[in-house]
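Here is how the chains run, residue by residue.
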Amino acid sequence: MTPVNPRTAPRGVDVWARTFRLWDTYFAIVWLATLMFVLGTAQPAWPVRVAAGCPLALLVPWYVVYGRPVLMTEGTAERRAVTYIAGAVAVYLMPGVLVGETRLMAFALVPQCFIALRYRRAMVAVTVINLAPVAGWALLWDVGGQDLFFNSVFAVVTLVFSAAFGGWTIRIMDQSQERAELIAELDASREEVAQLSADRGALAERERMSREIHDTLAQGFTSVLMLVQAVDAELTDDVPQARRHLRLMADTARQNLAEARALVAGGAPADLDGASLPDALRRLASRHDAKVHVSGAAGPLAPGLEVVALRGCQEALANVRKHAAPDTAVHIELTYTAGELSISIRDSGPGFDPGATTDGFGLRGLRARAAEVGGTATVDSSPGAGTTVTVRLPVPERTLS
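Note that residues are indexed from 1 along each chain, following the sequence as it is written. Per-residue local features of the predicted model are confined to residues with pLDDT of at least 70, and side-chain atom pairs are confined, for both listing and counting, to 80 or more; whole-chain, interface and lining totals are unaffected and use all residues. Computation of side-chain values covers all heavy atoms of the structure but excludes hydrogens and water.

> Any details on the environment of Thr169? Residues and values, ideally.
Under the DSSP-based scheme used, a helix requires at least four consecutive residues in state H or I and a strand at least two consecutive residues in state E, with every element numbered from the N terminus. Mapped onto the elements, Thr169 comes out in helix α6 (residues 145-234). Between the C-alpha atom of Thr169 and that of Ile115, which follows or precedes it by 54 residues, the distance is 8.1 Å.

This is the structure we're talking about:
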């Protein structure tokens, strides 16, 4: 048999197994005391006492081989439980009738009835255990009225006590079973919550990675493709401009490689690596022919806020490159105020009607990023009037230098 590991076994299994050893000890003590009383009493004669002791000896293998496994199931094997209790009572009755001291064994059999049987069946068995030996003993030996009275009173009192004790025992067992079920449900709920938390964490991580890839690698590859198209058109007519675009392609490719490494390492974006937010925006703007203006007292911010601001600017510039003409003017305004950081990206492109279109993945991701740090992202545009993307982020005053 494979041993039970207390760390992996269900709650209560190992505890009940260890507790049942006390019942084994209790049964052994009561049985041994009963046998000593039966063999050591003065009456009746020794052949009768020996005859009574032999059936008592049978109770030990009956308990060890058949009864103990049944009792360990706590009444779930009902048919086997009835068989065990009926056999134990049948073995007990003969010595109980022959020698009155045998009735001490009832203190071991009565608890077993309530452990193995339902309450009504247990009470039937307990009644037989307490009353039948006294009645048989009185009929067999023709005892006097006083002895019969005292033995009868003792049997009745024992029966009443057994009924009260048995009812209390069953209630305790029912409560223990209910608690075990509740604990099992709680453990299952904890496992389910842990799994849901892990799934939600994985989903959040996938969404974060999707935003990072869209804001960095995807935009970089889009820029490279657009530059390839521009170079292809300029090779025959404008070689200097083609060379300029080739250099820009190389810079974009190097930037994309740096972003990929930062993404894998979980570090800051490449533009922010070792640089302040205004410097990172100037680096970004130089690759898009945009102008940057910083107002207010610039200072170090929480890394998360700087990443949101930089990614918002990247998304807005990527949209300008995707939807506007190459000569579109772009202005980036970074403003530091008490309690707020705002970044505004304004272009002179063709604009669009925000009510007539749905947000793409980039703008949805931008709004999600801003919302994660308690900020907002808005898009203001109209046909022929350009587009302005504004990101506002709350900044605790202590984060500003």
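> Can you explain the packing of aromatic side chains? Please cite residues and give values.
Centres within 6.5 Å are what make two rings of Phe, Tyr or Trp a pair, Trp counting through its six-membered ring; a difference in plane orientation under 30 degrees is then read as stacked, over 60 as edge-to-face, and the rest as tilted. The full count for this structure, using the stated rule, is 5 aromatic pairs. Ring plane angle 85° and centroid distance 6.0 Å describe the contact between Trp23 and Tyr26, whose orientation is recorded as edge-to-face. Taken as a pair, Trp23 and Tyr26 lie in helix α1 (residues 13-40) at a separation of 3 residues, close to a single helical turn. Buried means the residue's accessible area, taken with a 1.4 Å probe over protein chains only, is under 20% of the maximum for its type, while exposed means over 50%, and partly exposed covers the values in between. Residue Tyr26 is classed as partly exposed on the basis of its relative accessible area, which comes to 32%.

> Please provide a residue-by-residue account of the packing of helix α3 (residues 78-98) against helix α4 (residues 106-116), values included.
Packing of α3 against α4 leaves a shortest axis separation of 10 Å and a crossing angle of 165°. Taken together, the axis directions place α3 and α4 in an arrangement best described as roughly antiparallel. With respect to the hand of their crossing, α3 and α4 are arranged in left-handed fashion. On the side of α3, the interface is formed by Ala81, Tyr84, Ile85, Ala88 and Tyr92, while α4 contributes Ala106, Leu109, Gln112, Cys113 and Ala116. For helices, the fitted line uses only the C-alpha atoms of the stretch in contact; every axis is such a line through C-alpha atoms, and the angle between N-to-C directions lies from 0 to 180 degrees. Under this scheme an angle from 65 to 115 degrees is roughly perpendicular, one under 35 degrees roughly parallel, and one over 145 degrees roughly antiparallel; angles in between are oblique. Rotating anticlockwise by less than a right angle from the far helix to the near helix defines a left-handed crossing, while the corresponding clockwise rotation defines a right-handed one. Pairs of residues are marked as contacts when any of their non-hydrogen atoms sit within 4.5 Å.

> Let's hear about the pairing of strand β1 (residues 291-295): which residues, and what values?
By the bridge criterion, 5 bridges tie β1 to strand β2 (residues 330-337) in an arrangement that is parallel. Of the residues in β2, the one forming a bridge with Val294 is Leu334. Consider the strands pointing away from the viewer: the crossover is right-handed when the path from the first strand over the helix to the second runs clockwise. Note that the unit made of β1, helix α9 (residues 303-323) and β2 has a crossover that is left-handed. Only strands joined by at least two bridges in the DSSP assignment are considered to pair.

> Talk me through a nonpolar patch on the surface; I want residue IDs and the actual numbers.
Put simply, a patch holds well-exposed residues, over 30% relative accessible area, that have no salt bridge, with like charges counted together within 9 Å and Val, Leu, Ile, Met, Phe, Trp or Tyr side chains within 5 Å. For the accessible areas, the method is Shrake-Rupley and the probe is 1.4 Å, while residue cover comes only from the protein chains on display. Salt bridge criterion: a side-chain nitrogen from Lys or Arg within 4 Å of a carboxyl oxygen from Asp or Glu. A surface patch of nonpolar side chains, amounting to about 400 Å² of accessible area, comprises Phe149, Phe150, Val153 and Val157. Locating Phe149 in the fold gives a position in helix α6. Residue Phe149 is classed as exposed on the basis of its relative accessible area of 51%.

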